[in-house]
Amino acid sequence: MSANLPFIDLASQRDRIRPQIDTAIARVVDHGAFIMGPEVGRFEEELSAFAGAKHTVSCSNGTDALTLVLMAWEIGPGDAVFCPSFTFAATAEVVAFLGATPVFVDIHADTFNMDPASLRTAIDEVKATGELRPRAVIAVDLFGQMADYAAVRALCDEHRLSLISDAAQGFGATLDGQRANVFADAVTTSFFPAKPLGCYGDGGAIQTQDDDLAATLRSLRVHGAGTDRYDNVRIGMTGRLDTIQAAVLIEKLAIFEDEIAARGRIAERYNALLADVADVPVLAGGAVSTWAQYTLKLPVGARPAFQSALGKAGVPTAIYYPKPLHRQTAYQAFPVAGNGLPASDGVADQVISLPMHPYLSEADQDRIVAAAREALDADALAAAS
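Residues numbered from 1 in each chain as written. Predicted model: local features only at pLDDT ≥ 70, side-chain atom pairs only at ≥ 80, totals over all residues. Heavy atoms only, no water.

S.K.: Is there a simple way to explain helix H6 (residues 116–129) in this structure?
M.R.: An α-helix turns once every 3.6 residues. As a result, residues three or four positions apart point the same way. With 14 residues, H6 ought to run about 20 Å at 1.5 Å a step, and its terminal C-alpha atoms sit 20 Å apart, in line with that. Looking at H6, one finds that the buried residues are Pro116, Ser118, Leu119, Ala122, Ile123 and Val126. Projection of H6 onto a plane perpendicular to its axis shows the buried side chains occupying an angular sector of 155°, all on one side. Elements that come into contact with the buried residues of H6 comprise strand E2 (79–84), strand E3 (101–105), strand E4 (133–140) and helix H7 (149–159). (Helix = DSSP H or I, 4+ residues; strand = E, 2+ residues; numbered from the N terminus. Expected span 1.5 Å × (residues − 1). Buried < 20%, exposed > 50% of the residue type's maximum accessible area, 1.4 Å probe, protein only. Arc of directions from axis to C-beta. Contact = heavy atoms within 4.5 Å.)

Right, here's the structure in full:
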């Protein structure tokens, strides 16, 4: 039996830039500025240049990135923040953590991203009840593709709402050549190791064009400090990015655009080889995805047999996300748009992701595709359903 394939191959990336990584980490160990050392500022400058952002504020992780923005906007009890339900818990967790109310919005079943029509319904319903103050929208670039920011931004402007792009999976993506910071008041991301741009631990960042917001974020991430570290001007947190992680990210950023292009080629090849037997991912016109995940939709009931068959072939799979947030225990009491979220509920029973990373060889991809096609043949699907 062939050896199991990796779902995400961090080892090949490590081997590609091992000398640079070793040198970068050794430099930090030698100078000893482990907290807010010079690499942190350098990384922030280089990330701003990469994305065309005026300000980058690095921080401890992607969840804290979201939290810091909401704290800067003083969002709390009585405030409504609109977010998709088909996403990782952190998107809504930060809203509830601050005492505000996440209002769940449905997605487009093809792109997996926020449906502006559902968002409009949710905003209208919150305004009609008068129980909450609509304050902000958190749109998620799920699986690496940017949300429909032009439509979401228009709704935010119409209703005077702030907009966060949760780009934990989609940082580096573009739509018609533009990045999310063109539309969003703040772009947040995560450098969790499995992300397209990941470090060797936890890390995150916020990007914004707003000078005042950037200044407030820099204060909040270090206990709310003012000009004097012992004169705190607001309630903050410990949300700094470690210097060693910044050093690693500098080296990874240098190859990031090349890796995005490689992911795109691999996704195109998957689509070409699987489109006749599976519901393959759909990109909006003009979209360049970072392909954080490559996600198929299967007929309802077919997923367990498919996952089992691929596992026996040594091909790992993952399911993001088998239960939307509005159906999870901690979030069931929060409001949802309209009469429910049918697209979120539907895709949760269908999605399954195949291995995706920039170092996936054609031979390994052929092996994955062969196993998938065998598992998806008509007899297998009939038996599964």
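S.K.: Got a minute to help me understand the state of the cysteines in this structure?
M.R.: When the sulfur atoms of two cysteines share a covalent bond, that bond is a disulfide. As enumerated under the stated definition, the model contains 0 disulfides in all. Here Cys199 is not cross-linked by a disulfide; its sulfur's nearest cysteine counterpart is in Cys59, at 11 Å. A relative accessible area of 1% places Cys199 in the buried class. (Disulfide = S-S within 2.5 Å.)

S.K.: Got a minute to help me understand the packing of helix H10 (residues 256–274) against helix H13 (residues 362–375) in this structure?
M.R.: Geometry of a packed helix pair, given as the angle between the helix axes and the separation of the axes. At a minimum axis separation of 11 Å, H10 and H13 run at an interaxial angle of 35°. For the pair H10 and H13, the sense of crossing is right-handed. Contact residues: H10 offers Ile266, Arg269, Tyr270, Leu273 and Leu274, while H13 offers Glu362, Gln365, Asp366, Ile368, Val369, Ala372 and Arg373. Residues of the contact of H10 with H13, tallied by class, amount to 7 nonpolar, 1 polar and 4 charged. (Axes fitted to C-alpha atoms, helices over the stretch in contact; angles between N-to-C directions. Left-handed = near helix turned anticlockwise from the far one by under 90°. Nonpolar A, V, L, I, M, F, W, Y, C, P; charged D, E, K, R; others polar.)

S.K.: Can you help me understand the environment of Pro322 in this one?
M.R.: Structurally, the position occupied by Pro322 is in the loop between helix H11 (303–312) and helix H12 (342–348). The sequence separation of Pro322 and Phe86 amounts to 236 residues, and the corresponding C-alpha distance is 9.0 Å.

S.K.: Looking at this structure, how should I read the packing of H11 against H13?
M.R.: Where H11 contacts H13, the axes come no closer than 9 Å and their chain directions differ by 140°. Here H13 runs oblique to H11, going by the angle between their axes. Crossing geometry of H11 relative to H13 is assigned as right-handed. Contact residues: H11 offers Phe306, Ala309 and Leu310, while H13 offers Ala371, Ala372 and Ala375. Grouping the constituent residues of the contact of H11 with H13 by class yields 6 nonpolar, no polar and no charged. (Parallel < 35°, antiparallel > 145°, perpendicular 65-115°, else oblique.)

S.K.: What is the right way to look at unusual backbone geometry in this model?
M.R.: Note: most peptide bonds trans; most residues except glycine with negative phi. The linkage connecting Tyr320 with the following residue, Tyr321, adopts the cis geometry, with an omega of 5°. Along the chain, Tyr321 falls in the loop between H11 and H12. Not every positive phi belongs to a glycine, and Phe112 is a case in point at roughly 70°. Here Phe112 is to be found in the loop between E3 and H6. Residue classification places Phe112 among the buried positions, given a relative accessible area of 6%. The phi dihedral of His223 is positive, around 65°, even though this residue is not glycine.

S.K.: Even after reading the chapter, I still don't get the nonpolar core, so can you show me in this structure?
M.R.: Nonpolar side chains in soluble globular proteins tend to end up buried together. If you look at the biggest cluster of nonpolar residues, it comprises 76 residues, and the most contacted ones within it are Phe43, Phe82, Leu119 and Val137. Broken down by element, the residue count for this core peaks at 6 residues, all from helix H4 (residues 62–72). For Val137, the residues in contact, after removing those within four places along its chain, are Phe82, Met114, Leu119, Val152, Cys156, Leu161, Ser162, Leu163 and Ile164. (Core = buried A, V, L, I, M, F, W, Y, C linked by side-chain atoms within 4.5 Å.)

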